[in-house]
Amino acid sequence: MNAATISSPTIVLPALPYEESALQPVISANTLAFHYGKHHRTYVDTLNKLIIGTEFGDMPLQKIVQATAGKPDLVAIFHNAAQAWNHTFYWRSLKPKGGGEPPATLKRLMESSFGSVAACKKELTKAAVEEFGSGWAWLVQDGEKLKIVKTDDANSPLSQGSKALLTIDVWEHAYYLDYQNRRVDYVNAVLDKLINWEFAAENLGR
Ligand code: FE2
């Protein structure tokens, strides 16, 4: 058997952009060990099993999400591909010593869209807390405007055709070990201490 005939996983689990302990005390190393090492890894591993030998076998992850969204016969591939993409985006939406002032370009858009940075954060918190069951809260760009959207389960702006700037995971596995049922405390702490406004600003206009 030569190298060309050895099948290898198409979709690779990206390394976390920081140590598992780097988001403490807001998110514990224990939560990240399960969330990244078990949940995210399982989405990637399951996806690779589902797509091997199919038309999706050579496709980039983002294209798999877009090609399978809204197709009932491909829902298993969609769920795992979307969750793989969402989690990579979530890790990059956070950083140690995050929060604080957004970069100037992003700040101007937040002010013109919501009135103030505080109002934008308030709306993001509201979406994250009110999302019923498992899902995601997103800051998205829609032309010259920023908007807050929430999505159920594995859905994202990517599968709805708009541009994601950052996200907060509000599945229980994201916070339950640290906050139990206090989702609002998790969301507030993430926004004040971990949110990566620079990542959101880098995504503007893409
Ligand atoms: Fe998650």
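Keep in mind it's a predicted model, so treat the numbers as computed, not measured.

A.B. asks: Account for the overall build of the protein chain, with residues named and values stated.
C.D. replies: When helices and strands are tallied, the protein chain shows nine helices and three strands. Counting from the amino terminus, the protein chain carries its helices and strands in the arrangement α-α-α-α-α-β-β-α-β-α-α-α. Each of the three principal axes of the protein chain carries a C-alpha extent, and together these read 60 × 40 × 30 Å. Scored against the burial criterion, the 206 residues of the protein chain give a buried share of 47%. Counting only contacts in the protein chain whose residues sit at least 6 apart along the sequence, the fraction spanning at least 24 positions is 68%. With an accessible surface of roughly 10200 Å², the protein chain has 53% of that area assigned to carbon and sulfur atoms. Distance between charge centroids for the protein chain: 4 Å, based on 21 positive and 22 negative side chains.

A.B. asks: Can you explain helix H4 (residues 104-114)? Please cite residues and give values.
C.D. replies: Within the span of H4, buried status applies to Leu106, Leu109, Met110, Ser113 and Phe114. Looking straight down H4, one finds its buried side chains confined to an arc of 105°; they lie on one side. In the core, the buried residues of H4 are packed alongside helix H5 (117-130), strand E1 (135-142), strand E2 (145-152), strand E3 (163-169) and helix H9 (197-203). A positive backbone phi angle near 105° is found at glycine 115, which sits one or two residues after H4.

A.B. asks: Requested: an account of unusual backbone geometry, with residues and values cited.
C.D. replies: Negative phi is the rule for most residues except glycine; trans is the rule for most peptide bonds. Omega for the bond connecting glutamine 24 with proline 25 falls within 30 degrees of zero, at 0°, which places this linkage in the cis form. In this structure, proline 25 sits in the segment before helix H1 (29-51). Its identity as a non-glycine residue notwithstanding, glutamine 180 has a phi of 50°, on the positive side. Looking at the secondary structure, you find glutamine 180 in the loop between helix H7 (176-179) and helix H8 (183-193).

A.B. asks: How would you explain the coordination of the iron ion if you had to name every residue and give the values?
C.D. replies: Those donors, His35 (NE2), His87 (NE2), Asp169 (OD) and His173 (NE2), are the protein atoms that reach the iron ion, and they lie 1.9 to 2.1 Å from it. Around the iron ion sit four donor atoms; with metal-centred angles ranging over 88 to 128°, the donor geometry is tetrahedral. In the primary sequence, the donor residues of the iron ion line up as H-x51-H-x81-D-x3-H. Of this pair, histidine 87 sits in helix H3 (residues 75-93) while aspartate 169 is found in strand E3, placing the two residues 82 residues apart along the sequence. Considered together, histidine 87 and aspartate 169 belong to a single accessibility category, that of buried residues.

A.B. asks: Got a sec to walk through the nonpolar core? Specific residues and values, please.
C.D. replies: Ile27, Leu139 and Tyr186 are the most contacted members of the largest nonpolar core, which totals 66 residues. Considering each element in turn, this core owes the most residues, nine residues, to H3.

About the thresholds
Residues numbered from 1 in each chain as written. Predicted model: local features only at pLDDT ≥ 70, side-chain atom pairs only at ≥ 80, totals over all residues. Heavy atoms only, no water. Helix = DSSP H or I, 4+ residues; strand = E, 2+ residues; numbered from the N terminus. Buried < 20%, exposed > 50% of the residue type's maximum accessible area, 1.4 Å probe, protein only. Contact = heavy atoms within 4.5 Å. Areas by Shrake-Rupley, 256 points an atom, 1.4 Å probe, with all protein chains shown as cover. Lys, Arg positive; Asp, Glu negative; His and termini not counted. Charge placed at Lys NZ, Arg CZ, Asp CG, Glu CD. Arc of directions from axis to C-beta. Donors = N, O, S within 2.8 Å, 3.2 Å for Na, K, Ca; no water. Tetrahedral: all angles 85-135°; square planar, octahedral: opposite > 155°, others 65-115°. Core = buried A, V, L, I, M, F, W, Y, C linked by side-chain atoms within 4.5 Å.

The quantities given are spatial measurements derived from coordinates; they are silent on function.
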